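In case you want the letters, here they are:
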Amino acid sequence: MLPDVVPPFVWHTFDVRDRLPSNWESQIRATTDAHAEQHDLVPMSVTSREDVAIASVAVLTVDGTAAATALPWLNELYAGAFRELAEHVFGEPVAVAANPVYGINLNVQRGAEMRYECHIDSNPIGGLLYATTHAPGSGGELVVANRGDVRGVEEIELDATRIHPVAGHLVFFDARRHSHYVAPLADPSGQRIVAAMNFYTAGCPETARPADLSSHLFSNPSDVKETQNA
Ligand SMILES: [Fe+2]
């Protein structure tokens, strides 16, 4: 059970560049160029925290099956060194997703119009490997509500923690009780890429993942459904 009082939002950052292949950024960029699919998120999932006035949020995503196939070294790190770092941070055994569709997702923002949906996480540990750098003032930061589970960009922004992406940095957090979204980029020709990884614990296992979440997040729900049932 989660405590009633919302704890402060805490995150941990590791510089993992020495663990990555020399051309890792170009490999990730090539993967998103080849496989990213645009999808209009309709914020009806149990984890959505958009304002009621928002009908949809356009996102670009590479699902975990495509990401793991194109980037086997990333899949190895996810199951190995990154998972072990998460165990060190959270002090308990940590598992990766058995279903590859949502194990590792590559999330892409292009231009100054896109942002990521306001939501809470269903998994107890999120890991983000940033593939692009966005300095303060240039947009693209993860914005997390310090007030906890609130709804919409305005409420999140009232009191927020901002995590500015640095390429090659791996961030861990538990955002089940803190609404968050990704701010738009300031540069209309800019691109933001992050590998988002789902980890699980005994107290919050993969089997507790909301049934509607994969069809909400990905552009091809029929494929997801087949994979989930496999
Ligand atoms: Fe999230």
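Residues numbered from 1 in each chain as written. Predicted model: local features only at pLDDT ≥ 70, side-chain atom pairs only at ≥ 80, totals over all residues. Heavy atoms only, no water.

The next thing to look at is the pattern of salt bridges. Considering all chains together, one arrives at eight salt bridges under this definition. With a shortest N-O distance of 2.8 Å, Arg-162 and Glu-141 are connected by a salt bridge. Here Arg-162, found in strand E9 (residues 160–163), pairs with Glu-141, found in the loop between strand E7 (125–130) and strand E8 (142–145); they are 21 residues apart in sequence, far enough to count as distant. Overall, the relative accessible area of 8% leaves Glu-141 in the buried class. Its salt-bridge partner being Glu-157, residue Arg-162 comes within 2.8 Å of it at the nearest N-O pair. With a relative accessible area of 30%, Glu-157 lands in the partly exposed category. A single salt-bridge network, built from bridges that share partners, covers Glu-141, Glu-157 and Arg-162. (Salt bridge = Lys/Arg side-chain N within 4 Å of Asp/Glu carboxyl O. Helix = DSSP H or I, 4+ residues; strand = E, 2+ residues; numbered from the N terminus. Buried < 20%, exposed > 50% of the residue type's maximum accessible area, 1.4 Å probe, protein only.)

What follows is about the coordination of the iron ion. Coordination of the iron ion by the protein is provided by His-119 (NE2), Asp-121 (OD) and His-180 (NE2), with metal-donor distances spanning 2.1 to 2.2 Å. All donor residues of the iron ion come from one chain, and their arrangement in sequence is H-x1-D-x58-H. (Donors = N, O, S within 2.8 Å, 3.2 Å for Na, K, Ca; no water.)

Our next topic: helix H4 (residues 81–90). By the burial criterion, the buried members of H4 are Ala-81, Phe-82, Arg-83, Leu-85 and Ala-86. If you follow the buried residues of H4, they end up packed against strand E1 (11–15), helix H3 (72–79), strand E4 (95–96), E7, strand E10 (169–173) and strand E12 (191–200). Residue Gly-91 follows H4 closely and has a positive phi angle near 70°. (Contact = heavy atoms within 4.5 Å.)

This paragraph deals with the confidence of the model for the chain. Detailed reading of predicted coordinates is not advised where the pLDDT is low. Per-chain confidence: the chain averages 91 in pLDDT, with 92% of residues scoring 70 or above. A low-confidence stretch, residues 221–230 stays under pLDDT 50, and its non-local contacts, those more than four residues away or across chains, total ten contacts. (pLDDT = per-residue confidence, 0-100.)

Tallying each qualifying case throughout the model produces five aromatic pairs. With 5.1 Å between their ring centres and 55° between their planes, Tyr-78 and Phe-199 make a pair best called tilted. Placement of the pair is Tyr-78 in helix H3 and Phe-199 in strand E12, with a sequence separation of 121 residues. Taking the relative accessible area as the measure of exposure, Phe-199 reaches 0% and is therefore buried. An aromatic cluster of three or more residues is present, and its members are Phe-14, Tyr-78, Phe-172 and Phe-199. For the cation-ring pair, Arg-209 lies above Tyr-102, with the distance from its terminal atom to the ring centre recorded as 3.7 Å. (Phe/Tyr/Trp six-rings, centres within 6.5 Å; stacked < 30°, edge-to-face > 60°. Lys NZ or Arg CZ within 6 Å of the ring centre and 35° of its normal.)

This part covers the side chain of Thr-201. On the secondary structure map, Thr-201 appears in the loop between E12 and helix H6 (213–217). Excluding residues within four positions of it along the chain, Thr-201 makes contact with Glu-92, Pro-93, Pro-124 and Ile-125.

Running from amino to carboxyl end, H3 crosses H4 at an angle of 25°, the nearest separation of the two axes being 3 Å. Judged on the interaxial angle alone, H4 and H3 are roughly parallel. Along its contact with H3, which presents Leu-74, Glu-76, Leu-77, Tyr-78 and Ala-79, the element H4 presents Ala-81, Phe-82 and Arg-83. Tallied by class, the residues present in the contact of H3 with H4 amount to six nonpolar, no polar and two charged. (Axes fitted to C-alpha atoms, helices over the stretch in contact; angles between N-to-C directions. Parallel < 35°, antiparallel > 145°, perpendicular 65-115°, else oblique. Nonpolar A, V, L, I, M, F, W, Y, C, P; charged D, E, K, R; others polar.)

What follows is about the sheet that holds E8. Read across the open sheet, the four strands follow the order E6-E11-E8-E9; overall the sheet is antiparallel. If you trace the sheet from one side to the other, it starts and ends with strand E6 (116–119) and E9, each paired once. Each neighbouring strand pair of the sheet contributes to a mean axis angle of 15°, computed without reference to strand direction. Relative to strand E11 (residues 180–182), E8 is paired through three bridges, and the arrangement is antiparallel. Bridged to Leu-142 within E11 is Val-182. (Pairing = 2+ DSSP bridges.)

Moving on: the nonpolar core. Leu-74, Phe-82 and Leu-129 are the most contacted members of the largest nonpolar core, which totals 34 residues. Looking at this core, the elements with two or more residues in it are helix H1 (24–35), strand E3 (57–62), H3, H4, strand E5 (104–110), E7, E10 and E12. Excluding residues within four positions of it along the chain, Leu-129 makes contact with Val-16, Leu-20, Leu-74, Phe-82, Gly-168, His-169, Leu-170, Val-194, Ala-195 and Met-197. If you look at the next biggest cluster of nonpolar residues, it comprises 18 residues, including Phe-9, Tyr-116, Val-144 and Ile-163. (Core = buried A, V, L, I, M, F, W, Y, C linked by side-chain atoms within 4.5 Å.)

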